[in-house]
Amino acid sequence: MKDKYYDHIIHGGDYNPDQWIDTKEIWDEDMRLMDLAHVNSATVGIFSWSLTEPEEGVYDFSWLDEIMEKLAAHGKKAILATPSGARPPWLAQKYPEVLRVEETGIRNEYGVRHNHCLTSPVYREKVREINRRLAERYGKHPALLMWHISNEYSGECHCELCQKAFRAWLRERYHNDLNELNFKWWNGFWSHRFTDWDQISSPKGRGENHVPALKLAWRRFVTDQHISFFENEIAPLRELSPDVPVTTNLMRLYTGIDYQKLAPHLDIVSWDNYPDWTAPDTLDTACETAFVHDAFRSMKHGKPFYMMESTPSVVNWRPVNGLPAPGLPELAAIQAVAHGADSVQYFQWRASRGGHEKFHGAVVDHYGKEDTRVFKETAAVGAMLEKLDAAVGGRTEAKAAVICDWENSWAVDFYCGYRRDGRDYFGACRKWYRALWERGIPTDVIPMDRDLSGYDLVIAPYLYMLKNGTEDRLASFTENGGTLIATPLFGLVDEYDLCYLGGFPAGRLKEVFGLRREETDALPDGETVPVEFSKKTYAAAKLCDILIPSGAKTLGKFRGKFYAESPAVTGNAYGRGTAYYVAFEPDADFIGAFLTSIISGLGFQSDVKATLPAGVIARKRGDLTYVMNFNNKNTQVFFYKTYTNEFTGKPVLSALLPPYGYVVLR
Ligand code: GLA
Ligand code: GLA
């Protein structure tokens, strides 16, 4: 698959001319304004099914013909959506089975979006049919750049069709053998041995919700249902427009679908980025966003992705929707590009006149003209992106990785014990990531089944579940010279949530780490246990493992509770590599000190030749280096070598970055 689908950074966003069908003069005005805003692409048709198929089997594409022609005439690309995210009322009226059944067993009524059954053969057929017509009509259209499949796939359905499909899925996975399922789900517990497949149904509040293996199976099934729904959607597109890439817009760290399993089915990953820039700690918001960018970049092994949506100003769905400070949307655009995005797109181009989202930010608001702050700032972003053709298709090579695995996140949420409250698996992964990000060290965020041989450092926070040969992969990685870091909960269960017997972590990993974890203490919020490491004292929180070393060197010790003197940080030489165990939830100070001691030994270097002041983040991608100031104040950066400013061509040895300013260097 190609890394590059267009020669320029895509700048545009969701465009709903179908809402303005009665005031078509606005369409021409949109084209004029898009030119002014340096917009080169529009995402069309996402929620337009009721217009293109107003009655069953009656199609009217005249409006879309006109829009596609206008976009082509203005030299703009169309990212054309399939409309399955929301359906016309007639469809639900005639075929109630297309509507979703909630966990309560009650079928939803018509309304909202994301309200369809994933299994319904009728719905799949209707979707395939309209998609076929779109592909027949526009598959070879000069404006067409990409297919945007549906919108933010999410949720699940518990109808009888889905229950049947779930049972069929289970039969296949467990070789049609209920004994195998009973064993893997440990159904002897609370007398749950099934004797008939029909006794099994989806997990629900008023039914079975205490079998982690069932909950895992259901999430895996829901993921597979989404994948097969997606494959059904794209079948006619592949047939009629085989060269046009397909994507679907994903939502941050949404866990209802295993995105890492879905990603291989997309030609290019895209996601909708809505950081909360009004939160008090801008750098934290920036880190959260960077982490998600890197997770999506890593899903396709480093291939560039699209930032399919973002807001040019506010959202409308937070409890309080404050305006981000001017400059932050532009900095967020550069941050996306720095982390691998080949697009900066918005929800939405023009604000709706009515409906639920009319007060969501838009490039063109209800005033309708170009002399607004938001329009001018968006146009400035567009003009800037036009100078960044050199960025398109660029990759970032990372020698460090944080394992952050969707299925493990489910398992960590589902187990009962230790601390039931305050679990934040993604947050824990991000803490480790942050220390590398702040140091300018590119880091991949990967699933556990990834080949690790290209990395020097792999961090596996809370890697509770080990599946698909992970035990061997981690062992060989270390044996072959890698540096591996693990934390509490490491290697406790297999992919069915069955505990490994014979001591934790699983199997061979006891040798890799030179230890055994015997017990885990859980601390309430606010309580910490002192840890001494490298002559300093740090605070251990949440979980503290009591380790029994069998070869590992103690590098740090607990200094409190009855396990004072017990190893809190260990290192073990294994093969040509080293495995470190950090037996508690560390804070940023500890992670900083600990990683500094490790990465200097590994010869890791910052992406940028500079000492970065606090709040300034650098990222190299391709030939360009992006230096971004997340401080709300002027910040001076001095470089160790002379760069060239990509926009001005001037040499750069130091830069005074304004609040939320940035510089792009070559
Ligand atoms: C109760 C129940 C047991 C077990 C324990 C756990 O005592 O009777 O089956 O669940 O709680 O503490
Ligand atoms: C999501 C959806 C859009 C819109 C925006 C609002 O990203 O895909 O249709 O609802 O949220 O922020």
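The structure we're discussing is the one just above.
All of the points below concern the structure found in this document. (Residues numbered from 1 in each chain as written. Chains lettered and ligands numbered in written order. Predicted model: local features only at pLDDT ≥ 70, side-chain atom pairs only at ≥ 80, totals over all residues. Heavy atoms only, no water.)

1. A look at the pattern of salt bridges
Taken as a whole and judged by the stated rule, the model has 41 salt bridges. Linking Lys 70 and Asp 28 is a salt bridge whose minimum nitrogen-to-oxygen distance equals 2.8 Å. Residue Lys 70 is found in helix α3 (residues 62-73), and its partner Asp 28 is found in helix α1 (residues 25-36); the two are separated by 42 residues along the sequence. Judged by relative accessible area, Lys 70 falls into the buried class, the value being 18%. (Salt bridge = Lys/Arg side-chain N within 4 Å of Asp/Glu carboxyl O. Helix = DSSP H or I, 4+ residues; strand = E, 2+ residues; numbered from the N terminus. Buried < 20%, exposed > 50% of the residue type's maximum accessible area, 1.4 Å probe, protein only.)

2. Some points on the site of ligand 2
Close to ligand 2 lie Phe 47, Arg 113, Asn 151, Glu 152, Asn 249, Asp 272, Tyr 274, Glu 309, Trp 317, Phe 347, Glu 357 and His 360. In the model, an oxygen atom of ligand 2 is placed 2.7 Å from a nitrogen or oxygen of the His 360 side chain. Surface burial for ligand 2 is 96%, taken as the share of its 310 Å² of free accessible area covered by protein chains. (Near = heavy atom within 4 Å. Polar contact = N/O pair within 3.5 Å; in protein donor to acceptor, adjacent residues only side chain to side chain. Areas by Shrake-Rupley, 256 points an atom, 1.4 Å probe, with all protein chains shown as cover.)

3. Remarks on the packing of α1 against α3
At a closest axis distance of 11 Å, the pairing of α1 and α3 adopts a crossing angle of 25 degrees. Comparing their axes, α3 and α1 come out roughly parallel. You can see that α1 and α3 cross each other, and the crossing is right-handed. Residue-level inspection shows Trp 27, Asp 28, Met 31 and Met 34 of α1 in contact with α3, the latter providing Trp 63, Glu 66, Ile 67, Lys 70 and Leu 71. Looking at the contact of α1 with α3 residue by residue, the classes come out as six nonpolar, no polar and three charged. (Axes fitted to C-alpha atoms, helices over the stretch in contact; angles between N-to-C directions. Parallel < 35°, antiparallel > 145°, perpendicular 65-115°, else oblique. Left-handed = near helix turned anticlockwise from the far one by under 90°. Contact = heavy atoms within 4.5 Å. Nonpolar A, V, L, I, M, F, W, Y, C, P; charged D, E, K, R; others polar.)

4. A word on the environment of Lys 633
Inspection of the secondary structure puts Lys 633 in the loop between β22 (624-629) and β23 (635-644). Taking the C-alpha atoms as reference points, Lys 633 and Tyr 660, separated by 27 residues in sequence, lie 7.6 Å from one another. With residues near it in sequence (within four places) discarded, Lys 633 still touches Leu 657, Pro 658 and Pro 659.

5. Description of the sheet that holds β22
Overall, antiparallel pairing links the three strands, which are arranged β21-β22-β25 in an open sheet. The strands lining the two open edges of the sheet, one partner per strand, are β21 (616-621) and β25 (662-665). Going from strand to strand, the sheet's axes swing by 15 degrees on average, the running direction of each strand aside. The pairing of β22 with β25 spans four bridges and is classified as antiparallel. Its bridge partner being in β25, Met 628 is matched across the sheet by Tyr 662. Together, β21, β22 and β25 form the strand contacts of helix α11 (residues 328-338), whose direction differs from that of β22 by roughly 145 degrees. (Pairing = 2+ DSSP bridges.)

6. Focus: helix α6 (residues 160-173)
Its 14 residues place the ends of α6 20 Å apart at the C-alpha level, agreeing with the 20 Å of an ideal helix rising 1.5 Å per residue. Here α6 has its buried residues at Cys 162, Gln 163, Phe 166, Arg 167, Trp 169 and Leu 170. The buried residues of α6 occupy one face: seen down the axis, they fall within an arc of 160 degrees. Summarising the geometry of α6, the exposed residues directed more than 90 degrees from the buried face are Glu 160, Lys 164 and Glu 172. Taken together, the buried residues of α6 touch α7 (178-184) and α8 (212-240). Two residues or fewer past α6, His 175 is found with a positive phi of approximately 50 degrees. (Expected span 1.5 Å × (residues − 1). Arc of directions from axis to C-beta.)

7. Observations concerning the environment of Ala 279
Checked against the element boundaries, Ala 279 lands in the loop between β7 (270-272) and α10 (282-299). A residue is classified by how much of its surface remains accessible, and Ala 279, at 24% relative accessible area, is partly exposed. Counting along the chain gives 358 residues from Ala 279 to Val 637, while the straight-line C-alpha distance between them is 25 Å.

8. Let's talk about the side chain of Asp 497
For Asp 497, the location among the structural elements is in the loop between β13 (483-486) and α16 (509-513). Despite its burial, Asp 497 pairs with no opposite charge; the closest candidate is Arg 220, at 8.5 Å N-O. Within the structure, Asp 497 has its side chain in polar contact with the side chain of Tyr 464 (distance 2.7 Å). Beyond its immediate sequence surroundings of up to four residues, Asp 497 is in contact with Pro 212, Leu 216, Tyr 464 and Met 465. (Lys, Arg positive; Asp, Glu negative; His and termini not counted.)

9. Quick word on the sheet that holds strand β2 (residues 41-44)
Spatially, β5-β4-β3-β2-β1-β9-β8-β7-β6 is the arrangement adopted by the nine strands of the open sheet, whose pairing is parallel. Pairing within the sheet leaves two strands with one partner each, and these edge strands are β5 (246-247) and β6 (249-251). In this structure, β2 lies alongside strand β3 (residues 77-81), joined through four bridges in parallel fashion. Within β3, the residue paired with Val 44 across the bridge is Leu 80. Contacts between α3 and the sheet are confined to β1 (10-15), β2, β3 and β4 (144-148), with β3 contributing the most and set at about 150 degrees to the helix.

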